[in-house]
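So the chains spell out like this:
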Amino acid sequence: MSAKKILITGASRGLGLALAQKLAADYQLILHASAQTSFTTVPPGSQLLCADFTDAEQIAAFCRGLKKEHGDDLYAVINNAGMAYDKSLIYQPEQEIDAMLSVNLKAPVMICKTAMKIFSLKHKGVIINISSVVGETGNAFQSVYAAAKAGLVALSKSLAQEAAALNQGGSIRVLSVSPGLIETDMTKDLPEAEKDRYINMIPSRRLGTVNDIAETVAFLLSDKAAYINGSNIQVNGGLR
Ligand SMILES: NC(=O)c1ccc[n+]([C@@H]2O[C@H](COP(=O)([O-])OP(=O)(O)OC[C@H]3O[C@@H](n4cnc5c(N)ncnc54)[C@H](OP(=O)(O)O)[C@@H]3O)[C@@H](O)[C@H]2O)c1
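Not measured: the values here are computed from a predicted model.

By the element assignment, Thr187 lies in the loop between β6 (172–179) and α6 (192–201). When its relative accessible area of 10% is taken as the criterion, Thr187 is described as buried.

Given below as structure tokens:
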């Protein structure tokens, strides 16, 4: 097994779990969820590092733990944990707004900060931030979630440039991946009529699978993608 270590946040289910299962053969995994009890399946040999990303102190402790325990051989970070409360902004409680900004934007920013420090010492590393199609298109009743996801695209583009400026070279890559509508817990409660409406808007005429995204992320992590940097990769079946 390769000694390269990668962190996957939100790896207890959905896309994060699929990423862990896909990448387990090639990397040493550090898997995150909001709590240890969230995990029902863990690829053998994985290490767990848990934190509730709605809590700033837990984010800070998570970042300290990441640097202390895994800083020496961290190769990549996949900021995948995410959550949404779908609601009109007019009726959205501030607590939900804060939670969405914290999980979807603040935590990835702080983890990127930690990863950039680690990678700058080694002049090498990959960061992949999982954004969303709605970060580009917007979506009614997802305004705060969409704003946070758009923030991840700008964060990734900026850090790719910053890494090159600080390290005089391009061996630290920072990317975002924007999935379309993917079949996971996040979309399981969509009414069938709503799913059908989306499917009619998707040129590939189906929802995405976690494997569609995992294949893309695996490629982006590899040296085959060495010249892809600062990009937002859309994996959405053509959904606009
Ligand atoms: N599904 C889609 O259609 C879709 C489309 C575009 C983008 N995305 C993005 O893709 C990523 C994965 O989505 P998914 O569909 O796989 O989601 P999911 O099945 O709902 O899983 C979400 C993951 O995020 C973690 N998480 C949620 N709240 C957290 C918190 N407060 N603190 C720490 N971790 C927390 C969860 O951990 P626990 O199990 O501990 O709660 C879980 O591991 C997200 O960033 C999402 O925004 C999804």
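Text resumes after the structure shown.
In total, this model carries two aromatic pairs according to the counting rule given. Centre to centre, the rings of Phe53 and Phe62 are 5.3 Å apart; their planes meet at 80°, and the pair counts as edge-to-face. A single burial state applies to Phe53 and to Phe62, both of which are buried. The ring centre of Tyr75 lies 4.2 Å from the NZ or CZ of Lys4, which sits over that ring. Directly above the ring of Tyr198 sits Arg197, whose terminal nitrogen or CZ lies 5.2 Å from the centroid.

With that settled, the discussion passes to the nonpolar core. Leu7, Phe53, Leu74, Ile111 and Phe119 are the most contacted members of the largest nonpolar core, which has 42 residues in total. The set of elements that each furnish at least two residues to this core consists of α2 (56–70), β4 (74–79), α3 (94–122), α5 (143–167) and β6. Here the element with the most residues in this core is α3; it accounts for 11 residues. Each residue touching Phe53, except ones within four places of it in the same chain, is listed here: Thr9, His32, Ile59, Phe62, Ala81, Ser102, Val103, Ala107 and Ile111. Core analysis: the second largest hydrophobic core is formed by 29 residues, Tyr27, Leu31, Tyr75 and Ala225 among them.

Among the 33 residues in the neighbourhood of the ligand, the closest are listed as Ser12, Ser34, Ser38, Tyr145 and Thr184. Here an oxygen atom of the ligand and a side-chain polar atom of Arg13 are 2.9 Å apart. Here a nitrogen atom of the ligand sits 3.0 Å away from a polar atom, N or O, in the side chain of Asp52. In isolation the ligand has 890 Å² of accessible area, and contact with the protein removes 93% of it.

With that settled, the discussion passes to the side chain of Gln92. Inspection of the secondary structure puts Gln92 in the loop between β4 and α3. Polar contacts involving the side chain of Gln92 include one to the main-chain carbonyl oxygen of Tyr85, which spans 3.1 Å. Filtering out sequence-adjacent residues up to four positions away, Gln92 remains in contact with Tyr85, Lys87, Ile97, Met100 and Val144.

The rules behind each value
Residues numbered from 1 in each chain as written. Predicted model: local features only at pLDDT ≥ 70, side-chain atom pairs only at ≥ 80, totals over all residues. Heavy atoms only, no water. Helix = DSSP H or I, 4+ residues; strand = E, 2+ residues; numbered from the N terminus. Buried < 20%, exposed > 50% of the residue type's maximum accessible area, 1.4 Å probe, protein only. Phe/Tyr/Trp six-rings, centres within 6.5 Å; stacked < 30°, edge-to-face > 60°. Lys NZ or Arg CZ within 6 Å of the ring centre and 35° of its normal. Core = buried A, V, L, I, M, F, W, Y, C linked by side-chain atoms within 4.5 Å. Contact = heavy atoms within 4.5 Å. Near = heavy atom within 4 Å. Polar contact = N/O pair within 3.5 Å; in protein donor to acceptor, adjacent residues only side chain to side chain. Areas by Shrake-Rupley, 256 points an atom, 1.4 Å probe, with all protein chains shown as cover.

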